[in-house]
Amino acid sequence: MSGDRQATTQGPLAGVTVVELGDGTAGPYAAKLFGDLGADVIKVEEPSGDSTRRRGPFPDGRPDPEASGLFMYLNTNKFGVMLELDGQAGVQAMHRLLERADIFITNLPAKRLASLPFNAAALRSRYPRLVVTTISPFGMEGPWSERLGDELITYAMSGMAYSTPGMPDAADDLVREPPLHPGCFVSETISGLVAAEASMAALIGRGCSGQGCHIELSQQAAVAAMQIRDVTSASYIGSRYNRLLNPITIGRMPNFYLPCKDGYVTVAAPMEIHWKRLTQAMGNPTWAQSETYATEAARTANWVTLRLKLIEWTMTLTGAELHALAEKMQLPIFPFYSIRKMAESEHSRERRTLVEVEIGGRSAHMPAAPFKMRATPWTLRRPAPRLGEHTAMILKDGLAA
Amino acid sequence: MTQARSRPLPLEGIRVLDLGQFIAIPFCTLWLAWLGAEVIVIESRRRMTSRTAPPFADGHEKDPNASGYFNQLYSSKKSCTIDMTTAEGRDLVRRLAGVCDVMVDNFSTGVLEKLGLGYEAVAAVNPSIVMLSNGAFGRAGPMRNARGLHSAVNLFSGVADVTGYVDGHPRILGGVVPDPLSGTYSGFAILAAIHHRQKTGQGQFIDVAMHETMLTLIPEAVIDLTMNEVEPQRIGNRDRVNAPHGIYRCRGDDTWLAISVSNEAAWACLCRSIGHPEWLTDSRFASPEARRKNVAALDLAIEAWSHGQDVHEAADMLQRAGVPAGPVLRVDELLDNEQLNARDGVVTIDHPVAGPRRQMGLPWRMDSLGVEYRRAPLLGEHTHEILTGLLGISEADYNRLEAGGVLS
């Protein structure tokens, strides 16, 4: 009998204790990933509270530190403790939490951290078994280590801004279309995730070595590591990246992002076999047989005019029609989904991609687990804590109860 | 290069059977291998993972040992050639699954089951195995069989809905990010499952949908939509709350500077350092609300300044003044970036065919645990070692399998 027939209600990380001194997205998200899998996560906030409490989105846009949608998402499945860390009592309380912790995660700005007695070296010597995970914009060594960085700056310096819009899209106009950052926390989320994986590896390593570890993560490096495909091209060919139509990444055409009757689709037909299917799908127009588009090389060389020809065709059909045709012809064509359409799709519903929560008395949906563990499923055990909600309980009784 | 090999590797002793392709799963197991896991890649001349993909080392086009795509994604792993189109080959893979802690794949949904290597079949041999399957739309749900590479994942996930120029059409996030992102989530999930198994002995199946990993990038927009019926907006490089927050043109071709101001102190530093102290009392820009309202004029005003500046000098000057700013780096500039290099973030790995090549190493440093960067394996380099050693197959049987084409 397979080992996973009995799903437990405890997560796979039950029994692990994490103390988070985080702000914004990166640190809190790393800790959330542990909490979502069953670890006891104690979020420590100073009296001013995590800045995400002030960011929202709020119900009807009315600011309320206990009803910030992003805060609620990033801090589900955590306990909340408020400590005045500039005072002796707060520092002592923090040490009581750290004594029982397996992992400490922080992404507080270096300046703030330096003013507190919780720097990595001090914690490592006082708690030899503790995994100390620090997330900073550029890392703690090197010429940029003292510099100011955030979501946008680390994203810009990771290669990701320059390659957006990216394959199979590209900039149309180098001046009017700058390197693009999306309206979300890409760099911080990736850093939080990488910090979680690194901390998890250190926890497993501790099982053998008996030693804790300082995980010293650079946000810039975390996002740069994601650029592996294009870094490989630079390393092997040495060519300069071009935002317009990158010959490295947009090798064979058509493989692009095009408008259609009601939105946008990607059309990928880079190889001869795909091109045959695509021309069939288009009803074998005469232009497609012409020398200008007859070979893979010709199609790439004449991509500018080929693109316009294809758009003439895609504009006659809806995204859904193109997708249905593509599935029939075994062609990779896929339509753009708005967030609403994705959220309301049968696929999302069946997979429980989103979970319903209450925010300030209002119903809302947020992303659920990004992976489904069959034996130890993701559960929403508790909503994000109110500021200091569990201070008394945790400092008085610990978590054993 | 090796960072203090004398330190223990955190994942030493964990064995992974890797049936991955493209980038997502190979990226997942790349980090596991660097952290000390023994990663056994199953490939064959019929199914050469990414060895046929460019770029190739100069003068070695089409050489399966010279693909940069392969060599950089398969560093520190072992190559075992087994032809899974043969019954004996499939049996060998099943036996290997029996002696591994983890098995991973990102085939199209259903392929593994057809090969007799689905979770049920593998768990029958090895109930405590952790098996992770990564698919564009996951392994459950009505779209589980839909075709899709990273661009489809991007378009379905909702991320494109918040990626675009002001009031423009949806655009696609670069760097084929659904692949390495879902690969990283896969790595975290595997390690959590291993932790659980170490405590309980229980293995399990993990279903990763690439689009769901992308969805984790956009909680704000999802919540605003479902709570307030606020439709997502494409706002270029601007932020919903803070201004200025943008990427501005500098002197020279296609050269850009990122500036991000999130408080009044940084705003005052910005105005003074770029020679516009009058903006501090300009009613259009004097408060965060005013700047948000007049952001178009603000962006134009900043670009009028930045346009004449050298990007690196401007970034240095703003940083000294206390303003978060930095140059937009091209991907090819990352390899030479002094900050990434100063913290051993760029590693050089030598290879007998491709020579020494640079790539990004782990983005974090460790003070008590080690990491090992070894070259990618040659095609079939470890087949004999794995089959005769790990599976205990006799030389005679090995020779028979090889002669029969099972190991090609």
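Note that the structure is a prediction, hence the values are computed from the model and not measured.

Calculation rules
- Residues numbered from 1 in each chain as written.
- Chains lettered and ligands numbered in written order.
- Predicted model: local features only at pLDDT ≥ 70, side-chain atom pairs only at ≥ 80, totals over all residues.
- Helix = DSSP H or I, 4+ residues; strand = E, 2+ residues; numbered from the N terminus.
- Contact = placed C-beta atoms within 7 Å.
- Buried ≥ 20, exposed ≤ 12 C-beta atoms within 10 Å, placed from the backbone.
- Pairing = 2+ DSSP bridges.
- Domains from an automatic or database assignment.
- pLDDT = per-residue confidence, 0-100.
- Axes fitted to C-alpha atoms, helices over the stretch in contact; angles between N-to-C directions.
- Parallel < 35°, antiparallel > 145°, perpendicular 65-115°, else oblique.
- Left-handed = near helix turned anticlockwise from the far one by under 90°.
- Nonpolar A, V, L, I, M, F, W, Y, C, P; charged D, E, K, R; others polar.
- Expected span 1.5 Å × (residues − 1).
- Arc of directions from axis to C-beta.

Trainee: I'd love a proper account of the overall build of chain B, names of residues and values included.
Mentor: Of the regular secondary structure elements, chain B holds 17 helices and 14 strands. Projected onto its principal axes, the C-alpha coordinates of chain B cover approximately 85 × 50 × 40 Å. If you take every contact in chain B between residues at least 6 apart in sequence, the share linking residues at least 24 apart comes to 68%.

Trainee: How would you summarise helix α1 (residues 24–34) of chain B if you had to cite specific residues and measurements?
Mentor: Across the eleven residues of α1 of chain B, eleven count as buried, placing the element largely inside the fold. Within the span of α1 of chain B, buried status applies to Ala24, Ile25, Pro26, Phe27, Cys28, Thr29, Leu30, Trp31, Leu32, Ala33 and Trp34 of chain B.

Trainee: Explain the interface of chain A and chain B to me, using residue names and the numbers behind them.
Mentor: On the side of chain B, 127 residues touch chain A, which itself brings 128 residues to the contact. When residues of the side of chain A that touches chain B are assigned to their parent elements, the largest contribution, 17 residues, is made by helix α7 (residues 186–209) of chain A. Pairing between strand β6 (residues 213–218) of chain A and strand β13 (residues 364–366) of chain B: three bridges, direction antiparallel. When the bridges of β13 of chain B are listed, Glu216 of chain A appears paired with Arg365 of chain B.

Trainee: How would you summarise the domain arrangement of chain B if you had to cite specific residues and measurements?
Mentor: In many reports, interface size means the accessible area that the parts give up when they come together. According to the domain assignment, chain B consists of domain 1 (2–216 + 343–403) and domain 2 (245–333). Relative placement of domain 1 of chain B and domain 2 of chain B: their C-alpha centres are 42 Å apart.

Trainee: Account for unusual backbone geometry, naming residues and giving values.
Mentor: Gly56 of chain A connects to Pro57 of chain A through a cis peptide bond whose omega is 0°. Tracing the backbone shows Pro57 of chain A in the loop between β2 (40–45) and α2 (69–74). With a phi close to 55°, Gln330 of chain A is a non-glycine residue in the positive phi region. Checked against the element boundaries, Gln330 of chain A lands in the loop between α14 (319–329) and β9 (333–335). Residue classification places Gln330 of chain A among the exposed residues on the basis of 10 C-beta atoms within 10 Å. In this structure, Asp167 of chain B is a non-glycine residue whose phi angle is positive, near 60°.

Trainee: Kindly report on the confidence of the model for chain A, identifying the contributing residues and their values.
Mentor: In this model, chain A carries an average pLDDT of 92, and 95% of its residues clear a pLDDT of 70 or more. Predicted confidence is poor over residues 1–5 of chain A, with pLDDT under 50, and the contacts of this stretch with residues over four places away or in other chains come to 16 contacts.

Trainee: Could you give me a rundown of the sheet that holds strand β5 (residues 131–136) of chain A, with the residues and numbers involved?
Mentor: Read from one edge to the other, the open sheet built from seven strands follows the order β3(A)-β2(A)-β1(A)-β4(A)-β5(A)-β6(A)-β13(B), with strand pairing classed as mixed. Every other strand in the sheet has two partners, leaving β3 (79–82) of chain A together with β13 of chain B as the edge strands with one partner each. Shown here is a sheet whose adjacent strand axes are inclined to one another by a mean of 20°, direction ignored. Two strands pair when backbone bridges link them, and strand β1 (residues 17–21) of chain A and strand β4 (residues 103–106) of chain A are joined in this way by four bridges, in the parallel orientation. Paired with Val19 of chain A across the strands is Phe104 of chain A, a residue of β4 of chain A. Of the strands in this sheet, β1, β2, β4 and β5 of chain A touch helix α1 (residues 26–36) of chain A, which is tilted by about 165° from β1 of chain A.

Trainee: With reference to specific residues and values, describe the environment of Ser157 of chain B.
Mentor: With respect to the helices and strands, the residue Ser157 of chain B is situated in helix α6 (residues 150–157). Using a count of 25 C-beta atoms within 10 Å as the deciding quantity, one classes Ser157 of chain B as buried. Residues Ser157 of chain B and Ile23 of chain B lie 134 residues apart in sequence; the distance between their C-alpha atoms is 18 Å. With residues up to four places along the chain from it excluded, the contact list for Ser157 of chain B reads Met342 of chain A together with His211, Met214 and Leu215 of chain B.

Trainee: Describe the environment of Pro26 of chain B, with residues and values.
Mentor: Residue and element names in this part refer to chain B. When you line up the elements, Pro26 lands in helix α1. According to the C-beta neighbour criterion, Pro26 is buried, with 28 such atoms within 10 Å. On a C-alpha basis, the gap between Pro26 and Ser262 in space is 38 Å, while along the polypeptide they are 236 residues apart. The residues touching Pro26, leaving out its near neighbours within four places in the chain, are Gly20, Leu73 and Tyr74.

Trainee: Quick one: what's the story with the packing of α1 of chain B against helix α7 (residues 178–200) of chain B, residue by residue and with numbers?
Mentor: All names here are of chain B. One can describe the packing of α1 onto α7 by two numbers: an axis separation of 7 Å at closest approach and a directional angle of 50°. Taken together, the axes of α1 and α7 are oblique relative to one another. The handedness of the crossing between α1 and α7 comes out as right-handed. For the pair α1 and α7, contact is made by Ala24, Ile25, Phe27, Cys28, Trp31 and Leu32 and by Asp179, Pro180, Ser182, Gly183, Ser186 and Gly187, respectively. Split by residue class, the contact of α1 with α7 holds seven nonpolar, four polar and one charged.

Trainee: Explain the environment of Leu19 of chain B residue by residue, including any values.
Mentor: Residue and element names in this part refer to chain B. Position of Leu19 relative to the elements: it lies in strand β2 (residues 15–19). Counting along the chain gives 377 residues from Leu19 to Ala396, while the straight-line C-alpha distance between them is 27 Å. Ignoring any residue separated from it by four or fewer positions in sequence, one finds Leu19 in contact with Ile42, Val104, Asp105 and Phe107.

Trainee: Just give me the short version of the pairing of strand β10 (residues 354–359) of chain A, but keep the residues and values in it.
Mentor: Residue and element names in this part refer to chain A. Direction of pairing for β10 relative to strand β11 (residues 362–367): antiparallel, over a ladder of six bridges. Across the sheet, the residue bridging to Val355 is Met366, located in β11. Hairpin connection between β10 and β11: a loop of two residues separates the two successive antiparallel strands, and Gly360 in this loop has a positive phi of roughly 55°.

Trainee: Go over helix α3 (residues 87–98) of chain B, please, and point to the residues and values.
Mentor: Residue and element names in this part refer to chain B. For α3, spanning twelve residues, the distance from its first C-alpha to its last is 17 Å, which sits close to the expected 16 Å at 1.5 Å a residue. Every buried residue of α3 is listed here: Gly89, Leu92, Val93, Leu96 and Ala97. Burial along α3 is one-sided: seen end-on, the buried residues are contained in an arc of 145°. Check the buried side of α3 and you find it contacts β2, β3 (38–43), β5 (102–105), α5 (119–125) and α16 (383–390).

Trainee: Break down the domain arrangement of chain A for me, with residues and values.
Mentor: Here chain A is described as being made up of domain 1 (17–226 + 369–397) and domain 2 (255–336). In this structure, domain 1 of chain A and domain 2 of chain A have C-alpha centres spaced 43 Å apart.

Trainee: Tell me about the confidence of the model for chain B, residues and numbers included.
Mentor: Overall, the predicted model of chain B reaches an average pLDDT of 96, with 99% of residues at or above 70. Across the interfaces of the predicted complex, the ipTM metric reaches 0.98, alongside a pTM of 0.97.

Trainee: Describe the sheet that holds strand β10 (residues 325–327) of chain B, naming the residues involved and giving the relevant values.
Mentor: All names here are of chain B. Sheet architecture is open: three strands sit in the order β8-β9-β10, paired in antiparallel fashion. Sheet topology places β8 (245–249) and β10 at the edges, where each strand pairs with a single neighbour. Each adjacent strand pair in this sheet contributes to an overall mean axis angle of 20°, direction not counted. For strand β9 (residues 256–260) and β10, the ladder comprises three bridges, and the chain directions are antiparallel. Counterpart to Leu257 in the pairing with β10 is Pro327. Where helix α12 (residues 295–306) meets the sheet, its contacts fall on β8 and β9, and the angle it forms with β8 comes to roughly 40°. Contacts from helix α13 (residues 311–321) reach β9 and β10 within the one sheet, and its direction differs from that of β10 by about 160°.

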